[in-house]
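Structural overview for review
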Amino acid sequence: MVADPEQIAEDIREDARDAYALDNSLRAALREAVEAQDVAAVDALMDPLHPADIADLLEQVSTPERESWLTLWSSGIDGEVLSELEEGLREEVLSLLPDQVIADAVRELDSDDVVDLVEDLEVEQKEAILDALEPADRAAVEAALSYPEETAGRLMQREIVAVPEHWTVGETIDHLRSQAGHLPEEFYHVILTDPRMKPTGYVMLGRLLASVRPVLLTEITEDSFRPIPASQPEDEVAYAFNQYHLISAPVVDDDGRLVGVITIDDAMIVLDHEAEEDILRLAGVGEESSLSDGVVETTKQRFPWLFVNLITSILASLVIAQFEAAIAQIVALAVLMPIVASMGGNAGTQALTVAVRAIATKDLTSSNLVRVITREAGVGLINGAIFAVVMGIVGVVWFGTAMLGVVIGAAMVINLLVAGLAGILVPVVLDRLRIDPALASGAFVTTVTDVVGFFAFLGLAVLLLL
């Protein structure tokens, strides 16, 4: 017997450990309802959920479960759910939905969401979705698709609220009321344009409604007005929104004419995507890695960076091989040398993470580079000195050789100093060479700290102990 879906939904709202987490009982109830082919129960479970939560559910279940669920509940899918899905999963979900359901779903979306939906699809799926749109909407989407990927032109929506710059508050309010059925579902500013359709300013809705009718719009414009070129990369757009606290911004073509608008929700998605991309690249798991990916796809994403790590490890091993005789005479060297390399690797990763994020947010520039390098060198020296004392004592107590403590202490200072410098300099150099520092820095920094750590420790051992 299928459990009462309304009671389960109520329990989830009241007892969830996290206010925004999906409780496991929801997935269990959904699985039970699908197995029982109970459409009413599925509808009752899904209706209270936000589209983002439904998208999360679709991403968390297995492919067979997803197919069974969508076969039973395909009519409940709407455009917002599709726009919330990860790109890798969206194509699979669309292939499981009837054409009419897809057509009804995309008609609900703004042009920017439709662009996001279709830009990575196969040609046949893309054409099927475009055919479902009204002619004017299709033209708007195709115009946006004509811009390069990951630019403001792709990110913007074509639904614009713009009025002549010489209008008054009263004229604007009357116009908005007369266009009630044709306005975007959400907008924050009324954009002012000159006779050539070039934006000259904008007015927030709150300020518009708080002003008396005779006031000219030019008297209540916002200082934050900042037109964005359609060709501007989307990461720079997101930076501008974050830096200047924008809510929306007009998009202009090469002639400065108004062609669209970008809102803060789209900019925040880009910021989140950029941060996620940096984390995934730093870990070497692929910039589009997802929990919904299959075994083969995940293997393909991770293999290249594991191979690079293998090559760099061989390089470090070659350094060790040069001191084979020393290691054979003093077994303690083999016991202690991984500690030096590991500490350097961790210190380098710390500095690297800070540097990559600072470059992405434009906080690390040529004006403060020397200061940051000096800081990291100082941190490396201080931490190196502290751990040198600790490991020096460990070396003496463990192996009874004072000079061994000196060797590992000195190697620790050298490697942590080099690690701090490499963690800053490697991503900076790669950025200057137009290579994504998040993508390639990790392998270089690890190689430097391993090679320097082994060479310093074993080299000092040969000089001082043999």
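Before reading on, note that the structure itself is shown above.
Below or above, wherever it landed, is the structure these notes cover.

The rules behind these values
- Residues numbered from 1 in each chain as written.
- Predicted model: local features only at pLDDT ≥ 70, side-chain atom pairs only at ≥ 80, totals over all residues.
- Heavy atoms only, no water.
- Pairing = 2+ DSSP bridges.
- Helix = DSSP H or I, 4+ residues; strand = E, 2+ residues; numbered from the N terminus.
- Contact = heavy atoms within 4.5 Å.
- Axes fitted to C-alpha atoms, helices over the stretch in contact; angles between N-to-C directions.
- Core = buried A, V, L, I, M, F, W, Y, C linked by side-chain atoms within 4.5 Å.
- Buried < 20%, exposed > 50% of the residue type's maximum accessible area, 1.4 Å probe, protein only.
- Polar contact = N/O pair within 3.5 Å; in protein donor to acceptor, adjacent residues only side chain to side chain.
- Patch = residues over 30% accessible without salt bridge, like charges linked within 9 Å, V, L, I, M, F, W, Y side chains within 5 Å.
- Areas by Shrake-Rupley, 256 points an atom, 1.4 Å probe, with all protein chains shown as cover.
- Salt bridge = Lys/Arg side-chain N within 4 Å of Asp/Glu carboxyl O.
- Lys, Arg positive; Asp, Glu negative; His and termini not counted.
- Charge placed at Lys NZ, Arg CZ, Asp CG, Glu CD.

Reading across the sheet, the 3 strands line up as β4-β5-β6 and stay open at both edges, with mixed pairing between neighbours. Each edge of the sheet is formed by a strand with only one pairing partner; in this case those strands are β4 (228-229) and β6 (258-263). Against the sheet, helix α15 (residues 234-244) contacts β4, β5 (248-252) and β6, and its axis sits at roughly 60° relative to β6.

This brings us to the nonpolar core. Membership of the largest hydrophobic core comes to 44 residues, with the highest contact counts inside it found for Val42, Met46, Trp69, Ile77 and Leu82. The contacts of Trp69, once residues within four sequence positions are left out, are Leu30, Val34, Val42, Met46, Ile54, Leu57 and Leu58. Grouped together as the second largest cluster of nonpolar side chains are 27 residues, Ala332, Ala347, Met391 and Ile408 included.

By the element assignment, Val259 lies in strand β6. In contact with Val259, not counting residues within four places along its chain, are Tyr147, Met156, Arg158, Ile160, Val251, Val252 and Asp253.

Structurally, Ser211 is set in the loop between α14 (205-210) and β4. The class of Ser211 is buried, set by a relative accessible area of 18%. A polar contact is formed between the side chain of Ser211 and the backbone oxygen of Arg207, at a distance of 2.8 Å. Setting aside anything within four residues of it in sequence, one finds Ser211 in contact with Val169 and Ile220.

Judged by side-chain charge, Asp56, Glu80, Glu84, Glu86, Glu108, Glu185, Glu186 and Asp265 come together as a negatively charged surface patch. Here Glu108 shows up in the loop between α8 (99-106) and α9 (111-118). In this structure Glu108 comes out as partly exposed when scored by relative accessible area, which is 48%.

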